[in-house]
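# Structural description and commentary
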Amino acid sequence: MNNFLYGLTGDIVTPLDPIYSEARQGFNTAIQQFPLIIVYCATKTDVSNAVIWSRRHCVPIRIRSGGHNYEGYSNGDCTLVIDISQMNDMRIDEGLNELIVQGGVTNKLVYEFVASKGYPFPGGTCPTVGVSGYALGGGWGLSCRNFGLGCDSLKEIELINYEGITIKANRENHCDLFWACRGAGGGNFGVIVSMTFNLPPKVRNVTLIEIDYLNVREQEQEEFLYVWQEWLKTADKRITLIGRVYHSSADGLGMLIRGIFYGSAEAAMEMMAD
Ligand SMILES: Cc1cc2nc3c(=O)[nH]c(=O)nc-3n(C[C@H](O)[C@H](O)[C@H](O)COP(=O)(O)OP(=O)(O)OC[C@H]3O[C@@H](n4cnc5c(N)ncnc54)[C@H](O)[C@@H]3O)c2cc1C
């Protein structure tokens with residue numbers, strides 16, 4: 001390791017490495033940025049060392065979990081990218097109905113894990129989005145009318161602060177920091193290395209709803225938007241749907257409804273018929 005990199009731990013990628021091009025690329029390929037170093041952290045110590053190193057060398061840091069930020073805020077030219085995607089341990093405390101995840105888990109990993117124990121999770125729609133970025137930004141998903149936003153279930157966070165020190169924040173300790181992280185936490189206050197979520201009660205039945213109205217007229221799209229807004233006001237909170245009006249070259253004008261209902265298929269059919 002050259003002297004400049006001394007102090008950094010974890011898997012280090014620099015522009016000289018063959019995997020650099022792949023490693024620097026976020027989800028949005030319209031954004032091209034060229035960090036100085038990407039460090040894949042496996043432990044809290046790796047994260048802490050990266051923060052301390054960045055201050056010593058006056059290199060700005062970017063924090064990356066799932067890498068799905070639309071504007072590319074988890075990357076930057078001449079920066080040190082602290083990538084925590086390898087930190088993806090998870091455990092459930094069934095006594096407390098709590099899920100404890102490391103900062104690098106994705107929606108897909110969490111859904112698969114909690115579902116294996118019978119729990120739902122108020123995560124997002126895209127499987128490869130990082131749960132850190134999702135929950136720290138609020139987090140809207142297809143369970144949110146039933147269970148709230150992702151950040152509403154957040155109980156505690158563990159973060160590495162600007163000095164490389166680990167802090168636990170919850171409603172009792174560092175409560176201002178905790179409050180701020182539930183919506184404005186992405187890349188702003190420290191590197192979140194672990195999150196504890198309250199889990200909703202276990203569920204037996206979830207129904208996927210998908211309705212596609214093809215080749216409709218403009219007036220029907222307009223009516224759909226009015227009906228949609230009225231219906232939502234009193235809709236059963238166990239149902240969360242996304243409604244889209246679209247104009248595609250293959251199918252013409254159309255409307256698409258997609259989402260989930262926490263209940264049986266029969267009950268969902270009945271509700272949608274109303
Ligand atoms: C295809 C797609 C589908 C989406 N669907 C949904 C959806 O259904 N619901 C929804 O609410 N949002 C959705 N989003 C938005 C998504 O939740 C945000 O862009 C989110 O910030 C991405 O998180 P990430 O960890 O994948 O991204 P990253 O790019 O890694 O991070 C996003 C931001 O959070 C910061 N950050 C990430 N991890 C940490 C950490 N551990 N500590 C501190 N800061 C951190 C980064 O620095 C960056 O500023 C979607 C985005 C895409 C691209």
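Sequence order sets the numbering: in each chain, residues are counted from 1 along the sequence as written. Only residues with pLDDT of at least 70 get local features here, since the model is predicted, and only at 80 or more are side-chain atom pairs given and counted; chain-wide, interface and lining totals rely on the full set of residues. Excluded from the side-chain calculation are hydrogens and water; included are all heavy atoms of the structure.

## Quick look at the site of the ligand
To keep it simple, the criterion reads: Near is defined per residue: the residue qualifies when any heavy atom it owns lies within 4 Å of the molecule or strand. Here a polar contact is recorded for every N or O atom pair within 3.5 Å, except that within protein the pair must consist of a potential hydrogen donor and a potential acceptor, and residues adjacent in sequence are included only if both atoms are side-chain atoms. For the accessible areas, the method is Shrake-Rupley and the probe is 1.4 Å, while residue cover comes only from the protein chains on display.
As a structural note, the neighbourhood of the ligand is formed by 29 residues, with Ile 63, Ser 65, Ser 74, Thr 125 and Trp 140 the closest of them. Interatomic distance of 3.0 Å between a backbone N/O atom of His 68 and an oxygen atom of the ligand. Thr 125 is positioned such that a nitrogen or oxygen atom in its side chain is 2.6 Å from an oxygen atom of the ligand. Across the complex, the protein chains shield 87% of the 950 Å² of accessible surface that the ligand would expose by itself.

## Some points on the domain arrangement of the protein chain
This is how the line gets drawn: Domain borders in the structure are assigned automatically or taken from a domain database.
Looking at the protein chain, the domain boundaries give domain 1 (3-83), domain 2 (90-198) and domain 3 (207-273). Taking only C-alpha atoms, the centre of domain 1 and the centre of domain 3 are 42 Å apart.

## Comments concerning helix α2 (residues 44-56)
Heads up, the condition is: Put simply, DSSP marks the helices as runs of H or I at least four residues long and the strands as runs of E at least two long, and each gets a number from the N terminus on. Helix span is expected to be 1.5 Å times the residue number reduced by one. Burial status follows relative accessibility: with a 1.4 Å probe on protein chains alone, a residue under 20% of its type maximum counts as buried, one over 50% as exposed, and anything between as partly exposed.
Relative to the 18 Å expected for 13 residues at 1.5 Å per residue, α2 spans 18 Å between its end C-alpha atoms, a close match to the ideal helical length. For α2, the set of buried residues is Asp 46, Val 47, Ser 48, Ala 50, Val 51, Trp 53 and Ser 54. Looking one or two residues beyond α2, the residue adopting positive phi is Cys 58, at roughly 55 degrees.

## Regarding the environment of Leu 80
The test is simple: Two residues form a contact once any of their heavy atoms are found within 4.5 Å.
Assignment of secondary structure puts Leu 80 in strand β4 (residues 80-83). Counting along the chain gives 45 residues from Leu 80 to Pro 35, while the straight-line C-alpha distance between them is 6.2 Å. With residues near it in sequence (within four places) discarded, Leu 80 still touches Leu 8, Ile 37, Val 39, Ala 50, Trp 53, Ser 54, Val 59, Pro 60, Ile 61 and Arg 62.

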